[in-house]
Amino acid sequence: MKTLVKSVEAEFRRYKALAEGALEQVSDNALSSAGPCGGNSLAIICWHISGNLKSRFTDFLESDGEKPWRQREEEFANRAISRGELMTKWNDGWAVLFATLDSLTDANLSESVKIRNQELLVHEASHRSLAHISYHVGQVVYIAHSFASESWKYLSIAPGGTAAYNTNPAFDNPRDHASRNERKQ
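In this text the structure is predicted, and so the values were computed from the model without any measurement.

(A) Summary view of the nonpolar core. By size, the foremost hydrophobic cluster in this structure holds 43 residues, and its most contacted members are Phe12, Leu42, Ile49, Leu86, Trp94, Leu97 and Val140. Elements with a minimum of two residues in this core: α1 (3–23), α2 (42–57), α4 (83–103), β1 (112–115) and α5 (122–148). Among the elements that take part in this core, α5 stands out by supplying 9 residues, more than any other. If sequence neighbours within four positions are ignored, Leu42 has contacts with Leu23, Val26, Ala30, Leu31, Ser33, Val140, Ile143, Ala144 and Phe147.

Spelled out as structure tokens, the structure:
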């Protein structure tokens, strides 16, 4: 049975689609530009998300989630990259995550894994990763919105749209929300 695993996967897909919907709204040059107040660029955050997912979910049940080959500090280096390079790197990490989630069953959720030599149950590690990714996707959305300014298209309920949305809540389900954002791109 995969009921719980599919639920976690759906939330990851929602956050992936939100980030991609945000990235789509900025110019290629903005991808490598520093965020507000000189913060991380969109490229840095996406590089970090990809590196984290790749490390955590490669050989997920067999090896520590912090792989010796991961270069975490390098993920935060300034880089000027094309949209194609960014999306290739981005999708590399997500592909590892989704392949791993596809291989898990709900029975695996009570097994143990390690991250930085700290033991966690699979469901704890999954939720930890989901929270980490959602935090960074929030940053991506915020930074992209600041770059897009008045041309920004909201990825969920736009300000002033709550009453209309509540009459027909079309994307409360994470899969529906992800599909809606994927269609906008």
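(B) Broad picture of the pairing of strand β2 (residues 118–121). Pairing geometry for β1 and β2, over 4 bridges, is antiparallel. Bridged to Val113 within β2 is Leu120. Here β1 folds back onto β2 in antiparallel fashion, the turn holding 2 residues, of which Arg116 has a positive phi close to 50°.

(C) Representation of the pattern of salt bridges in the model. Taken as a whole, this structure holds 11 salt bridges when the rule is applied. In this structure, Glu9 and Arg13 form a salt bridge, with 2.8 Å as the shortest nitrogen-oxygen distance. Note that Glu9 and Arg13 are positioned in helix α1 at a spacing of 4 residues, about one turn of the helix. For Glu73, the salt bridge goes to Arg72, with nearest N and O atoms at 3.7 Å. Three or more residues joined by partner-sharing salt bridges are found here, namely Arg56, Glu66, Arg70, Glu75 and Arg116.

Thresholds applied
Residues numbered from 1 in each chain as written. Predicted model: local features only at pLDDT ≥ 70, side-chain atom pairs only at ≥ 80, totals over all residues. Heavy atoms only, no water. Core = buried A, V, L, I, M, F, W, Y, C linked by side-chain atoms within 4.5 Å. Buried < 20%, exposed > 50% of the residue type's maximum accessible area, 1.4 Å probe, protein only. Helix = DSSP H or I, 4+ residues; strand = E, 2+ residues; numbered from the N terminus. Contact = heavy atoms within 4.5 Å. Pairing = 2+ DSSP bridges. Salt bridge = Lys/Arg side-chain N within 4 Å of Asp/Glu carboxyl O.

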